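Below, each chain spelled out in residue letters.
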Amino acid sequence: MGDLAAALIAVGEAIIKNKQYLTDLDSAIGDGDHGLNMARGFEAVVVKLKTGTMIQEVGAIMKLVGMTLISTVGGASGPLYGTAFLRAAVPSAGKEVIDGQTALLMFQAAIKGIKDRGKASRGEKTMLDALEPAQDAFQKTFEAGKSLPECLHAACDAAQQGIEFTKTIIATKGRASYLGERSLGHQDPGATSSFIMLQALTQFCDGSKEAV
Amino acid sequence: MKKIMNVPEQVVEEMLEGMVAAHPQYVKRLPGFDVLVRAGGATEKVALVSGGGSGHEPAHGGFVGKGMLDGAVAGAVFTSPTPDQIYEAIKAVNGGKGVLLVIKNYTGDVLNFEMAAELAEADGIQLDKVIVDDDVAVENSTWTTGRRGIAGTLFVHKLAGAKAETGGNLAEVKGVAAKVIANVRSMGMALAPCTVPAAGKPSFVLDENEMEIGMGIHGEPGTHREAIRSADEIVMHLLDKIFADMPVQSGEEVAVLVNGLGGTPLMELYVANRKVAEILAAKGIQVAKTFVGNYMTSLEMAGLSVSVLKLDEELKSLLLAPADTPAWVQF
């Protein structure tokens, strides 16, 4: 495994590093396990990517990550993020390098997977409030002829605005929805973990200065 | 955090080993999975599988046995089990007459059980599911994911399990489960939070004179907080909410579950039940059977929930049917 595995290891390490932060955000409006669950899943992902065989094919790596998250995370995040990675494996099957066009298709497939599985849409105080604006920004930047790292920067900025937006809305999906108006003012943990993953990917690309 | 454990990562594993060691006549573990199934193996009847996060003991493994569940899947503490674990449970208990999944309405549980159901259906296993949503604390508005499933789930296990034991087919067993869900309401309150072992600190903080009303079974915050009141006032409030949602008329018959959340002495649960019985008697409601104890706990959380199940003849006979499991024995 090459750059993609290294990038995903960086993503995993960012989640593990933010375990307590995500858990604290979740304690305020959910049941306080988002960071614990995500870290447990990505610890397993990092081990598999570091010790795995030399898989080069992007689709196979995405599938490996998706299956690992599904079988280790639990909660709502496991099926949602796991489905996202599995769906992203479809447009990247057979490829060894991710170009801008493939990245966009993977991003779109992943988000569609989350929406299908979670039956959620934007504006319900979930990870989609970070991911959908990020996808839009990515697509716009890509269509303007920019490079993959530039697209990622735009996506990352949009995701950050997205998590700020989640403070202003009432949760209607997931455990935070049981709180109703008490969820106002709190930042959504799922949107935050999505942002952390995008940010780690963007920083990795800045460091490597190459396509993933 | 002060807990009797070795390392936080091992609590679920070691708890399951301890349960099997304590109840070998009832349960065995599926090797390599966090799943308890009946010690005698799959039988030729509709099988019931439930489960959820750990930390709710004796739910769910404590209710595996004759007249109740066939398999219980244990997730990480307060985290729904993953689809591969649920899938293994389904395969292990399937005796050829179909499997009913009893799921509590929590987003994570629903998603993971649905994924497991897709895997099992692809294998050709006859399968159906019910989603329990007995908690009236949550606003019944059109924009929520609906009400949570809490301790009333025990009645679904008990009555649908009894129906399966009498040889009912999958549609009939599901029918009983659905009827129980339509007729059971619960609501809880907490005096003190609990600490998830891997988190190491309480999931919320209550002042000495505060209580949390309507919180879920994972320590997630409730609908509101207020100054602590007397046992009678607490019970009146919980029953008011329950009856506002599901009116019960004089002359009708119910079953009652006063469920401890893990950190409340039986003395206090019985004090609460005294008021439950008094209120029901004043309304002219008959009580077919009352259960008081720790059935679906939240680690060491102090507090309780009250569940009321409205009965008809069928539900009453299934309620009174025998059960023989580690945590529910009835002749």
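Here, every reference points to the structure presented above.
Chemist: If you had to explain the overall build of chain A to someone new, which residues and values would you point to?
Modeler: The helix and strand inventory of chain A stands at nine helices and zero strands. In chain A, the succession of helices and strands from N to C terminus is α-α-α-α-α-α-α-α-α. Here chain A has a C-alpha radius of gyration of 16 Å; the compact-globule value for 212 residues is 17 Å, and the two agree. The principal-axis extent of the C-alpha atoms belonging to chain A is close to 45 × 40 × 30 Å. Long-range pairs, those at least 24 residues apart, make up 69% of the contacts in chain A between residues at least 6 apart in sequence. Counting only carbon and sulfur atoms, one obtains 56% of the accessible surface of chain A, whose full area is about 8200 Å². Separation between the mean location of the 21 positive side-chain charges and that of the 23 negative ones in chain A comes to 5 Å.

Chemist: So what's going on with the pattern of salt bridges? Which residues, and what values?
Modeler: Residue and element names in this part refer to chain B. Evaluation of the coordinates by the stated rule reveals 30 salt bridges over all chains. Its salt-bridge partner being Arg148, residue Asp135 comes within 3.0 Å of it at the nearest N-O pair. Of this pair, Asp135 sits in the loop between strand S6 (127-132) and helix H4 (153-165) while Arg148 sits in the loop between S6 and H4, and the two are 13 residues apart along the sequence. Measuring nitrogen to oxygen at the nearest pair gives 2.5 Å for the salt bridge that ties Asp312 to Lys179. In this pair, Asp312 sits in the loop between strand S12 (302-311) and helix H8 (313-320) while Lys179 sits in helix H5 (residues 170-183), placing the two residues 133 residues apart along the sequence. By relative accessible area, Asp312 is classed as partly exposed at 32%. Within this structure, Arg38, Lys45, Asp70 and Glu165 form a network of salt bridges that share partners.

Chemist: Kindly report on the environment of A:Pro133, identifying the contributing residues and their values.
Modeler: Residue and element names in this part refer to chain A. In this fold, Pro133 is placed in helix H7 (residues 128-143). Pro133 gets classed as buried once you look at its relative accessible area, which sits at 14%. Taking C-alpha positions, Pro133 is 9.7 Å from Ala154, a pair spaced 21 residues apart along the chain. Residues contacting Pro133, with those up to four places away along its chain left out, are Arg122, Leu128 and Ala158.

Chemist: How would you explain the nonpolar core if you had to name every residue and give the values?
Modeler: The nonpolar side chains of a soluble globular protein tend to be buried, and buried together. B:Phe155 and B:Val180 are the most contacted members of the largest nonpolar core, which has 64 residues in total. If you tally residues by element for this core, the top one is H4(B), at seven residues. Among the nonpolar cores identified, the runner-up in size contains 55 residues, and A:Phe42, A:Val45, A:Ala88 and A:Ile114 belong to it.

Chemist: Mind laying out the interface of chain B and chain A, listing which residues take part and the relevant values?
Modeler: Taken together, the contact pairs 37 residues of chain B with 34 residues of chain A. In this assembly, chain B packs against chain A so that about 2600 Å² is buried in total across both faces, 56% of it on carbon and sulfur atoms. On the surface where chain B and chain A come into contact, there are three salt bridges. Two residues, B:Glu114 and A:Lys119, come together in a salt bridge whose shortest N-O distance is 3.5 Å. The interface formed by chain B and chain A holds seven residue pairs in polar contact (both at pLDDT 80 or more) in total. Contributing elements (two or more residues each) for the side of chain B that touches chain A: helix H2 (83-93), helix H3 (107-122) and strand S9 (224-227) of chain B.

Chemist: So what's going on with the state of the cysteines? Which residues, and what values?
Modeler: All names here are of chain A. This structure, assessed with the given rule, holds zero disulfides over all chains. Free cysteine: Cys151, not disulfide-bonded; nearest cysteine sulfur from Cys205 at 10 Å. Cysteine Cys156 is unpaired, with the sulfur of Cys205 as its nearest cysteine sulfur at 11 Å. A residue is classified by how much of its surface remains accessible, and Cys156, at 8% relative accessible area, is buried.

Chemist: How would you sum up the packing of aromatic side chains? Please name residues and give values.
Modeler: Under the defined criterion, the tally for this structure stands at seven aromatic pairs over all chains. Judged by centre distance (5.8 Å) and plane angle (85°), the rings of A:Phe107 and A:Phe138 are edge-to-face. One end of the pair, A:Phe107, is in helix H6 (residues 100-118); the other, A:Phe138, is in helix H7, and 31 residues separate them in sequence. Comparing A:Phe107 with A:Phe138 shows no difference in burial state: the two are buried. Centroid distance B:Phe63 to B:Trp328: 6.2 Å. Interplanar angle 75°. Geometry classified as edge-to-face. Of this pair, B:Phe63 sits in the loop between strand S3 (47-54) and strand S4 (71-77) while B:Trp328 is found in strand S14 (residues 328-330), placing the two residues 265 residues apart along the sequence. Every member of this aromatic cluster is reached through a ring pair, and the members are B:Phe63, B:Phe155, B:Phe291, B:Tyr295 and B:Trp328.

Chemist: Could you give an account of the pairing of strand S8 (residues 210-213) of chain B, naming the residues involved and the relevant values?
Modeler: Residues and elements named next belong to chain B. As paired strands, strand S7 (residues 184-192) and S8 are joined by two bridges and run antiparallel to one another. Following the sheet pairing, Met189 is matched in S8 by Ile213. Direction of pairing for S8 relative to S9: antiparallel, over a ladder of four bridges. When the bridges of S9 are listed, Glu210 appears paired with Ala227.

Chemist: Outline unusual backbone geometry, supporting the account with residue identities and numerical values.
Modeler: Of the consecutive residues B:Glu57 and B:Pro58, the connecting peptide bond is found in the cis state with omega at 10°. Mapping B:Pro58 onto the fold places it in the loop between S3 and S4.

Chemist: Got a sec to walk through the pairing of strand S2 (residues 35-38) of chain B? Specific residues and values, please.
Modeler: Residue and element names in this part refer to chain B. As paired elements, strand S1 (residues 27-29) and S2 share three bridges and run antiparallel to each other. Counted as the bridge partner of Arg29 is Leu36 from S2. What sits between S1 and S2 in their antiparallel hairpin is a turn of five residues, with Gly32 showing a positive phi close to 85°. Inspection of the sheet shows S2 paired to S4 by three bridges, in the antiparallel sense. Bridge pairing links Val37 to Gly71 in S4.

Chemist: Summarise the environment of A:Gly74; cite the residues concerned and give the values.
Modeler: By the secondary structure assignment, A:Gly74 is in the loop between helix H4 (58-72) and helix H5 (77-88). For A:Gly74 and A:Asn37, which are 37 residues apart along the polypeptide, the C-alpha to C-alpha distance reads 6.9 Å. If sequence neighbours within four positions are ignored, A:Gly74 has contacts with A:Leu69, A:Pro79, B:Thr79, B:Ser80, B:Thr82 and B:Asn112.

Chemist: Quick rundown of the sheet that holds S2(B)? Include the residues and the values.
Modeler: Residue and element names in this part refer to chain B. With mixed pairing, six strands are arranged side by side in an open sheet as S1-S2-S4-S3-S5-S6. Of all the strands in the sheet, just S1 and S6 have a single pairing partner and so form its edges. For this sheet the average axis-to-axis angle between neighbouring strands, irrespective of direction, equals 25°.

Cut-offs used in this document
Residues numbered from 1 in each chain as written. Chains lettered and ligands numbered in written order. Predicted model: local features only at pLDDT ≥ 70, side-chain atom pairs only at ≥ 80, totals over all residues. Heavy atoms only, no water. Helix = DSSP H or I, 4+ residues; strand = E, 2+ residues; numbered from the N terminus. Rg over C-alpha atoms; globule rule 2.2 N^0.38 Å. Contact = heavy atoms within 4.5 Å. Areas by Shrake-Rupley, 256 points an atom, 1.4 Å probe, with all protein chains shown as cover. Lys, Arg positive; Asp, Glu negative; His and termini not counted. Charge placed at Lys NZ, Arg CZ, Asp CG, Glu CD. Salt bridge = Lys/Arg side-chain N within 4 Å of Asp/Glu carboxyl O. Buried < 20%, exposed > 50% of the residue type's maximum accessible area, 1.4 Å probe, protein only. Core = buried A, V, L, I, M, F, W, Y, C linked by side-chain atoms within 4.5 Å. Buried area = accessible area lost by both parts, 1.4 Å probe. Polar contact = N/O pair within 3.5 Å; in protein donor to acceptor, adjacent residues only side chain to side chain. Disulfide = S-S within 2.5 Å. Phe/Tyr/Trp six-rings, centres within 6.5 Å; stacked < 30°, edge-to-face > 60°. Pairing = 2+ DSSP bridges. Axes fitted to C-alpha atoms, helices over the stretch in contact; angles between N-to-C directions.

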